[in-house]
Amino acid sequence: MKIPFNKPYISPKEEEYIIRALKSQRHSGNNAFGQKAISFMKDKYGFNEIFLTPSCTSAMEMGALLAGIKPGDEVILPSYTFSSTVNSVVIFGAKPVFCEIEPNTLNIDVSMIESLITPRTKMIIPIDYAGISCEIEEIMKIADKNNIIVMQDCAQSFGGYFNGKPNGSIPHLAAFSFHETKNMNAGGEGGGLVVNVPEWHQKAYFMQEKGTDRRLVLDGVKSKYSWVEKGSSYLLSDLLAAGLLAQLEGEEEIISKRRLVTDAYCQLFNSFKKRGNLNIYISEDHIKTNHHAFWVVFDEADNRRRFIERLRAFDIFVYIGYMPLHSSPMGVKFGYKPDSLPITEEISKKVVRLPFYAGMADDGLIYTIERMSLVLNEIYGK
Ligand SMILES: Cc1ncc(COP(=O)(O)O)c(C=O)c1O
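Everything in this summary refers to the structure shown in the same document. Bear in mind the structure is a predicted one, so any value in this text is a computation, not a measurement. (Residues numbered from 1 in each chain as written. Predicted model: local features only at pLDDT ≥ 70, side-chain atom pairs only at ≥ 80, totals over all residues. Heavy atoms only, no water.)

**Let's talk about the site of the ligand**
The full set close to the ligand counts 17 residues, and T57, D153, S177, K182 and Y322 are the nearest of them. Taking D153, its side chain carries an N or O atom lying 2.7 Å from a nitrogen atom of the ligand. Taking K182, its side chain carries an N or O atom lying 2.8 Å from an oxygen atom of the ligand. Contact with the protein chains hides 90% of the accessible area of the ligand, taken as 390 Å² for the molecule alone. Applying the majority rule of atoms within 2 Å of the grid points places the ligand in the largest pocket. Going through the elements one at a time, α3 (56–66) and α4 (83–90) are the ones with two or more residues in the shell around the ligand. It is α3 that provides the largest number of residues to the shell around the ligand, a total of three residues. By residue class, the composition of the shell around the ligand is six nonpolar, nine polar and two charged. (Near = heavy atom within 4 Å. Polar contact = N/O pair within 3.5 Å; in protein donor to acceptor, adjacent residues only side chain to side chain. Areas by Shrake-Rupley, 256 points an atom, 1.4 Å probe, with all protein chains shown as cover. 1 Å grid on protein atoms, 1.4 Å probe; cavity = no way out; pocket = protein on both sides within 12 Å on 5 of 7 lines; lining within 4 Å. Sits in = over half its atoms within 2 Å of the grid points. Helix = DSSP H or I, 4+ residues; strand = E, 2+ residues; numbered from the N terminus. Nonpolar A, V, L, I, M, F, W, Y, C, P; charged D, E, K, R; others polar.)

In structure tokens, the structure reads:
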């Protein structure tokens, strides 16, 4: 049996909606299915406004453009994240200021943020690793006190909650990924930018439509559109929005399937955590996970290596997670060294991400758990 790291989930209405979108002959962005997906999300999650984009990467670029990120600005973010988080501001000339992560969530360590703020700090970009929200309310307090914009990278956390509030509804800006590796898949690639500042909405409509005021023409306010802003093509095709809508409508089913995977992994790994062999995320009352992923931090890098190798021999694909950004070739160009962020560097050498997909409980979860149990017992003893 082969257990992939990830498998896209196809929800019951996907084919029907995509064919309907295809036959509508209105395939470009912000058409019928895109509008429905936007209304669905605003009603369910209370987002002030959300723009569907081709990816989370482009949503964050649009967010950085909207926030007016420019050369000389500093942006605080964790080093333990994907390149898109940092590139979204580096492409506009900002300097990344990397912050350590907190070992129980692998999210940005909020207690260190204030020490990194300077008069040049324009933005903070926390991420929600593995679908677990960062401490967004604490981050907002720091940001408000210092007049800083927060763009939450919710690539992995769509459908989760912080203190009863949907992820993405709290900061100024938030970006989601609807890539096929995420809980909700907009036909392979997709994203969304939440804009919770009403005064920024009109600018965002213009920026999304290549810097034109086409939106005003669609709304019947103007007869001809013209170039009014900086902008790009940050639109999601309506064929992909149709796929996304089907997934959004099936969210409860997707989450309940994924919950079974979390539960099984927790049951297996908890006893090893209790013995001090490894660390896993332990649920907290104020956070509701979307069951996106499961990570394990081993006590020693060599035990991680053994775990990965033994599982590969069983055709079970587990991965090492992110390579820290501060010690990557680009991070070094910004003046960082591996020991600039020792906690991040250390954790990244010991962390493993486990296979995780909706439907795994129907096919492959028992096989995976049995093999992992065998390997953990080999490494740590019974
Ligand atoms: C934290 C984070 N941000 C951004 C992205 C980029 O998402 P997308 O592929 O939708 O551009 C990813 C992708 O996995 C991610 O993990």
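**A short note on the packing of α3 against helix α7 (residues 201–208)**
In a pair of packed helices, the angle between the axes and the distance between the axes together describe the arrangement. Two numbers describe how α3 lies on α7: the axes approach to 10 Å, and their chain directions differ by 125 degrees. Taken together, the axes of α3 and α7 lie oblique to each other. Of the two elements, α3 crosses α7, and the hand of that crossing is right-handed. Every residue of α7 that contacts α3 at M62, L65 and L66 is listed here: K203, A204, M207 and Q208. Considering only residue class, the contact of α3 with α7 consists of five nonpolar, one polar and one charged. (Axes fitted to C-alpha atoms, helices over the stretch in contact; angles between N-to-C directions. Parallel < 35°, antiparallel > 145°, perpendicular 65-115°, else oblique. Left-handed = near helix turned anticlockwise from the far one by under 90°. Contact = heavy atoms within 4.5 Å.)

**Observations concerning the pairing of strand β4 (residues 121–124)**
Across three bridges, the pairing between strand β2 (residues 74–78) and β4 is parallel. Bridge pairing in β4 places I76 opposite I124. The sheet contact formed by β4 and strand β5 (residues 149–154) spans two bridges and is parallel. What sits directly across from I124, in β5, is V150. Note that the unit made of β4, helix α6 (residues 136–146) and β5 has a crossover that is right-handed. (Pairing = 2+ DSSP bridges. Right-handed = clockwise from strand over helix to strand, strands pointing away.)

**Quick look at the nonpolar core**
Residues I69, L106, I113, M123 and L173 are the most contacted members of the largest nonpolar core, which totals 68 residues. Looking at which element gives the most residues to this core, the answer is α3, with seven residues. Taken domain by domain, this core gets at least three of its residues from each of domain 1 (14–249) and domain 2 (251–380). Beyond its immediate chain neighbours, meaning those up to four positions away, I69 contacts A64, V75, V89, F92, A94, K122 and M123. With 31 residues, the next largest nonpolar core counts A264, Y265, V318 and Y380 among its residues. (Core = buried A, V, L, I, M, F, W, Y, C linked by side-chain atoms within 4.5 Å. Buried < 20%, exposed > 50% of the residue type's maximum accessible area, 1.4 Å probe, protein only. Domains from an automatic or database assignment.)

**Side note on the layout of surface pockets**
The calculated volume of the largest pocket comes to roughly 580 Å³. Lining the largest pocket are 31 residues, and of these F82, Q156, T181, K182 and Y322 lie nearest its centre. Looking at the lining of the largest pocket, the elements with two or more residues in it are α3 and α4. The class makeup of the residues in the lining of the largest pocket is twelve nonpolar, 13 polar and six charged. Each of domain 1 (14–249) and domain 2 (251–380) contributes no fewer than three residues to the lining of the largest pocket. Empty space within the second largest pocket amounts to approximately 220 Å³. Here the residues of the lining of the second largest pocket sort into eight nonpolar, five polar and no charged. (Points joined across faces, edges and corners; volume = space filled by probe spheres on them.)

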